[in-house]
Amino acid sequence: MAMSAGRGDDQPMMDMNTTPLIDVMLVLLIMFIITIPIQTHAVKVDLPINDPNQNKPLIDPQKNKIVIQPDGVVLWNGAPTDPATLQQYLTQTTQLNPEPELHFQPDPAARYEKVDQILAIIKRSNVSKLGFIGNEQYRNDF
């Protein structure tokens, strides 16, 4: 290491020149970073599957739709439901402010008994905004 003279010619300066030491350390650091093996281990994570039917909220704050299919299956916003669950959904919609619209669309081939049963559930739920969908197909029949 190089040493320089101090104030006088007879006194050596006590500070060491650290520039070569820093250069060597930087080269060693770069060599160490380059030679580190790439991490090849993996962690298994079970990610949720994106299903468009699951992401839909059960109760829409704007409008909800009840459909009765020809085989008697009742659909709430496209998802099959039973009368007890339908009653719960309707009760939850009446508690929202403002109350969302309820669109009721029975299939023409659906049994009247099933349609009457669902209308009774709607009436017991005190739904105030109810609209029948699909009645325009019967406009010329009467």
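Look up a bit, the structure's there.
About the thresholds
- Residues numbered from 1 in each chain as written.
- Predicted model: local features only at pLDDT ≥ 70, side-chain atom pairs only at ≥ 80, totals over all residues.
- Heavy atoms only, no water.
- Helix = DSSP H or I, 4+ residues; strand = E, 2+ residues; numbered from the N terminus.
- Contact = heavy atoms within 4.5 Å.
- Patch = residues over 30% accessible without salt bridge, like charges linked within 9 Å, V, L, I, M, F, W, Y side chains within 5 Å.
- Areas by Shrake-Rupley, 256 points an atom, 1.4 Å probe, with all protein chains shown as cover.
- Salt bridge = Lys/Arg side-chain N within 4 Å of Asp/Glu carboxyl O.
- Core = buried A, V, L, I, M, F, W, Y, C linked by side-chain atoms within 4.5 Å.
- Buried < 20%, exposed > 50% of the residue type's maximum accessible area, 1.4 Å probe, protein only.
- Pairing = 2+ DSSP bridges.
- Right-handed = clockwise from strand over helix to strand, strands pointing away.

J.: Looking at this structure, I do not really get the side chain of Thr 81. What am I missing?
T.: Mapping Thr 81 onto the fold places it in strand S3 (residues 79–81). With near-sequence residues (within four places) excluded, Thr 81 lies in contact with Val 74, Trp 76, Leu 86 and Tyr 89.

J.: For this particular structure, what's the right way to read a nonpolar patch on the surface?
T.: Where nonpolar side chains cluster on the molecular surface, the patch consists of Ile 22, Leu 26, Leu 29, Phe 32, Ile 33 and Ile 36 and spans about 590 Å² of accessible area. Examined against the element boundaries, Ile 22 turns out to sit in helix H1 (residues 19–35).

J.: Help me understand the nonpolar core in this model?
T.: In a soluble, globular protein the nonpolar side chains are often hidden away together inside. Residues Ile 66, Trp 76, Leu 86, Leu 90, Ile 118 and Ile 122 are the most contacted members of the largest nonpolar core, which totals 16 residues. Breaking this core down by element, the ones donating at least two residues are strand S1 (63–68), strand S2 (74–76), helix H3 (83–94), strand S4 (101–106) and helix H4 (112–124). Considering each element in turn, this core owes the most residues, 4 residues, to H4. In this structure Leu 86 touches Ile 66, Val 74, Trp 76, Thr 81, Ile 118 and Ile 121, once residues within four positions along its chain are discounted.

J.: Teacher, can you tell me more about unusual backbone geometry here?
T.: Backbone geometry follows two general trends: most residues other than glycine have a negative phi, and most peptide bonds adopt the trans configuration. The step from Asn 97 to Pro 98 runs through a cis peptide bond, and the omega angle for that step is 0°. Positive phi is not limited to glycine here, since Asn 77 has a value of about 50°. Summarising the element assignment, Asn 77 is placed in the loop between S2 and S3. Since its relative accessible area comes to 17%, Asn 77 is described here as buried.

J.: Would you take a moment to explain the pairing of S1 for this structure?
T.: Two faces, one strand: in a regular strand the side chains alternate between the faces of the sheet. Residues Asn 64, Ile 66 and Ile 68 point to one face of S1 and are all buried, whereas Lys 63, Lys 65 and Val 67, pointing to the other face, are not buried. Pairing of S1 with S4 involves 6 bridges; the strand directions are parallel. Each residue of the ladder has a partner; that of Ile 66, found in S4, is Phe 104. Pairing geometry for S1 and S2, over 3 bridges, is antiparallel. Considered in S2, the bridge of Val 67 is made with Leu 75. Linking two consecutive strands that pair antiparallel, namely S1 and S2, is a turn of 5 residues; a positive phi of about 95° is found at Gly 72 within it.

J.: How do you make sense of the pairing of S4 when you look at a structure like this?
T.: Strand direction decides the pairing type here: S4 and strand S5 (residues 130–132), joined by 3 bridges, are parallel. Bridge assignment links Leu 102 to a residue of S5, and that residue is Leu 130. In this region the chain leaves S4, passes through H4 and returns to the parallel neighbour S5; the handedness of that crossover is right-handed.

J.: Would you mind going over the pattern of salt bridges with me for this structure?
T.: Pairing between side chains of opposite charge can happen when their charged atoms approach one another. Using the criterion set out here, one finds 1 salt bridge in the structure. For Glu 113, the salt bridge identified is with Arg 111, shortest N-O distance 3.3 Å. For the pair Glu 113 and Arg 111, one class covers both residues: exposed.

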